[in-house]
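# Examining the three-dimensional arrangement
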Amino acid sequence: MAEHSGPRLWITRKLTDNTMARAVERYDVIPNPEDRTFTADEIVEMSHKVDAILPCHSEIFDRDVVERLSDRVKIVANHSVGTDHCDLKAFKARGIVVTNTPDVLSDATAEIAFLLLLGAARRAVEGDRLVRTGAWSSWSATFMLGTQVTGKNIGIVGMGRIGQVMARRCHGFGMKVHYYNRTRLAPELEADAIYHDNLAGLLAKSDFLSLHCPAKPETTGLLNAKTIAQLPDGAIVVNTARGSLVVEEDLIDAIGSGKLAAAGLDCFQTEPGGNPKLSAYENVFMLPHIGSATHETRDAMGFRAIDNLDAYFAGNEPHDRVA
Ligand code: DGY
């Protein structure tokens, strides 16, 4: 790492080589080449050594941690669009600037949402296992029938940047797009999507349901026994947003009873790890929180976080300030 007198920056996790190369141009970086995770006490301890922190969603800045951060820390420039790991109110109270990385991961995340949608609908887990294990011994016209995607209704909860990209991908597959959002989109953004001003209205129409809203107190447990019951029988659910949006036990019950035909999940209540009860079902297609995990997007996220740091240390308002 180059030696210089720039602000001292703790990059909590191992980021892409391109991100690290750019970071050391301007900052005196404390890296984490072993990519280990840190406890709350370790985060507080490290904060005394740095002017800025560039964390991932894996570092939890709850009220207790934020209140104990050193006065030396001026900005926390997240390498994530989600900020549910940060108590933004507590950060505001401390006067510490917080930023995130919107826009740059929308395409990659929508790709994973669509992969999960297709994989869940067309029985990817089961099919892969059959071929991979040598258990594929017959074929018939009624073998491994799945749910056709083309022509179906997709309900999108949260029509922000990622939801809008997902809507365009769904249109490309001949799906009819419905959405629920706090506010209706402008006509040019809405395209052919049909707006619902309440969740129940959206659920009733959703052969497929894809979650794209942020994790907040008001969206916690949004998908639960009651809301799942409002979906058509045989619906398929996709979650690339956050595990906290779904009451996992209720989802498991609905998969077990056949109310839901399948699910595609990139997010879980427990991460890392997931939920072993879900693993019992081959109609649940699961990925380990890799929505934004492409070379291109992880570079772009790193650069965006550094752009925010650069703006702050140049005395300007960071573009993606959230606190
Ligand atoms: C995000 O950006 O919020 C993704 O979940 C990766 O952290």
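Keep in mind that what you see is a predicted model, and the values were worked out from it rather than measured.

So, about the domain arrangement of the chain. Entries for the chain in the domain assignment read domain 1 (8-103 + 295-313) and domain 2 (106-286). Inter-centroid distance (C-alpha atoms) of domain 1 to domain 2 is 31 Å. Summed over both partners, the interface of domain 1 with domain 2 comes to about 550 Å²; 43% of that surface belongs to carbon and sulfur atoms. Counting the surface domain 1 buries against domain 2, the share from its top three residues, His 57, Asp 84 and Asp 103, is 66%.

Glancing now at helix α6 (residues 124-132). Residues Glu 126, Gly 127 and Leu 130 constitute the buried set of α6. In an axial view of α6, the angular spread of the buried residues amounts to 95°, which keeps them on one side of the axis. A positive backbone phi angle near 75° is found at Gly 134, which sits one or two residues after α6.

This brings us to the site of the ligand. What surrounds the ligand is the set His 57, Ser 80, Val 81, Gly 82, Leu 105, Arg 242, His 289, Ser 292 and Met 301. Within the side chain of His 289, one N or O atom sits 2.7 Å away from an oxygen atom of the ligand. Burial of the ligand by the protein amounts to 90% of the accessible area it has alone, namely 230 Å².

Criteria and cut-off values
- For every chain, the first residue of the written sequence is number 1, and numbering continues from 1 onward in sequence order.
- In keeping with the predicted nature of the model, local features appear solely for residues at pLDDT of at least 70, side-chain atom pairs appear and are counted solely at 80 or more, and the whole-chain, interface and lining totals rest on all residues.
- Water and hydrogen atoms play no part in the side-chain values, which are based on all heavy atoms of the structure.
- Residue ranges for the domains trace back to a domain assignment, done automatically or taken from a database.
- Put simply, buried area is the surface a 1.4 Å probe can reach on two separate parts but cannot reach once they are joined, added for both.
- Burial classes follow relative accessibility: with a 1.4 Å probe on protein chains only, a residue under 20% of its type's maximum area counts as buried, one over 50% as exposed, and anything between as partly exposed.
- Numbering of helices and strands starts at the N terminus; helices are DSSP runs of H or I of at least 4 residues and strands are runs of E of at least 2.
- Directions pointing from the helix axis toward each C-beta atom define the arc.
- Here, proximity means that at least one heavy atom of the residue falls within 4 Å of the molecule or strand.
- Pairs of N or O atoms within 3.5 Å make up the polar contacts considered here, provided that, within protein, one atom can donate a hydrogen while the other can accept it, and that residues adjacent in sequence are counted only when both atoms are side-chain atoms.
- The Shrake-Rupley method, run with a 1.4 Å probe, gives the accessible areas here. Residue values count only the displayed protein chains as cover.

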